[in-house]
Amino acid sequence: MDQTQRRILDQLFPIPTSQPKKKRTPMMSFFSKVSGKLSFQKREPLKTMFSILAEKARDPSAKKRHMAMKGLGTLACEAPGKVRKYKKMVLDLLVRGLYDPVSSEVIYESMTTLSIILGKIQGKGLGSFFIDITLQTRILLDDENDSLRYSAFVLFGQLAAFAGRKWKKFFTTQVKQTQDSLLIHLWDRNPQVAQACKTTFRACSSYLRLRKEYSFQSEEEQRNPKLCRQLSHYHPELLQFFYANKIL
């Protein structure tokens, strides 16, 4: 068993050193069994690791689900090549975590790991997972939790870069439906979220352009003077960017 696998097992099955030795024995015994199982299955130790993570990702305990997402994050950072081999399984677990009905920690960890994996695979081979990730990430842009909003904007910006031809029409619709959130959070109460929103707005700008033949409004009607005044005061460089790309 390599160091990455052992580190993940340490996350999934932490041994509380403050407990007396007698109370720690069953947990240590369980840890030894799992470690031994991985050591002796030389042919597919990684598959066994993913099986353990998959089991914990479906556990009724939110804490165990959270640790499973962290384990996937560790694998994504330290063994990206191995993650690519089991990409479909990993994405399935992370999307499940993204839709967790109870724990914001599980959702946050899922988004963070998805951002890492998307960067490693350059958004290739997402398949229908692209839709699942986009729909839920869009909802999280307006979440009350600052960390979730921040991670959602980062992930949404990545999705904009990896939509490609296959998902361009779908993502364009999603961006247009998200336009209000993108504008509102430019002035988010959290500076990090505001900065992430600004970066994501730039990434999504190409999806907001209106083709002349589909525009039925006059030039005056298409302008938003109130928004322009706000941008000129708070983000003049962003206003110039919008003008240059004919967004405003």
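Please refer to the structure higher up on the page.
Summarised in this report is the structure supplied together with it. As the structure is a computational prediction, the values presented were derived from the model and not from experiment.

Reading guide: rules and limits
- Residues numbered from 1 in each chain as written.
- Predicted model: local features only at pLDDT ≥ 70, side-chain atom pairs only at ≥ 80, totals over all residues.
- Heavy atoms only, no water.
- Phe/Tyr/Trp six-rings, centres within 6.5 Å; stacked < 30°, edge-to-face > 60°.
- Helix = DSSP H or I, 4+ residues; strand = E, 2+ residues; numbered from the N terminus.
- Contact = heavy atoms within 4.5 Å.
- Bend = angle between axes of the 7 residues up to and from the residue.
- Buried < 20%, exposed > 50% of the residue type's maximum accessible area, 1.4 Å probe, protein only.
- Axes fitted to C-alpha atoms, helices over the stretch in contact; angles between N-to-C directions.
- Parallel < 35°, antiparallel > 145°, perpendicular 65-115°, else oblique.
- Left-handed = near helix turned anticlockwise from the far one by under 90°.
- Nonpolar A, V, L, I, M, F, W, Y, C, P; charged D, E, K, R; others polar.

This part covers the packing of aromatic side chains. Two aromatic rings, taken as a pair, are described by how far apart their centres are and by the angle between their planes. Applying the stated rule across the entire model yields seven aromatic pairs. Aromatic side chains Trp167 and Phe170 sit 6.4 Å apart centroid to centroid with 75° between the ring planes, which places their arrangement in the edge-to-face category. A residue pair is termed a helical-turn pair when its members lie 3 or 4 positions apart in one helix, as Trp167 and Phe170 do in helix α10 (residues 164-184) at three residues. Ring centres 5.1 Å apart and planes at 70° place the aromatic pair Phe171 and Tyr207 in the edge-to-face group. Placement of the pair is Phe171 in helix α10 and Tyr207 in the loop between α11 (191-204) and α12 (219-222), with a sequence separation of 36 residues.

With that out of the way, let us pick up the environment of Phe130. Tracing the sequence through the fold places Phe130 in helix α8 (residues 129-140). Note: C-alpha distance between Phe130 and Leu91 (39 residues apart in sequence) is 9.9 Å. In this structure, Phe130 is in contact with Leu159, Phe162, Ala163, Trp167, Phe170 and Phe171, ignoring residues within four places of it in sequence.

Before going further, it helps to examine α10. Of all the bends found along α10, the most pronounced is centred on Thr178 and spans about 50°. Inspection of α10 places Trp167, Phe171, Thr172, Gln174, Val175, Thr178, Ser181, Leu182 and Leu183 among the buried residues, and these make up the whole buried set.

Running from N to C, helix α3 (residues 45-57) and helix α6 (residues 87-98) point in directions that differ by 20°, and their axes come no closer than 10 Å. Relative to α6, the element α3 is oriented roughly parallel. Classified by chirality, the crossing of α6 by α3 is left-handed. Contacts between α3 and α6 involve Phe50, Leu53, Ala54 and Ala57 on the former and, on the latter, Met89, Val90, Leu93 and Arg96. Tallied by class, residues from the contact of α3 with α6 come to seven nonpolar, no polar and one charged.

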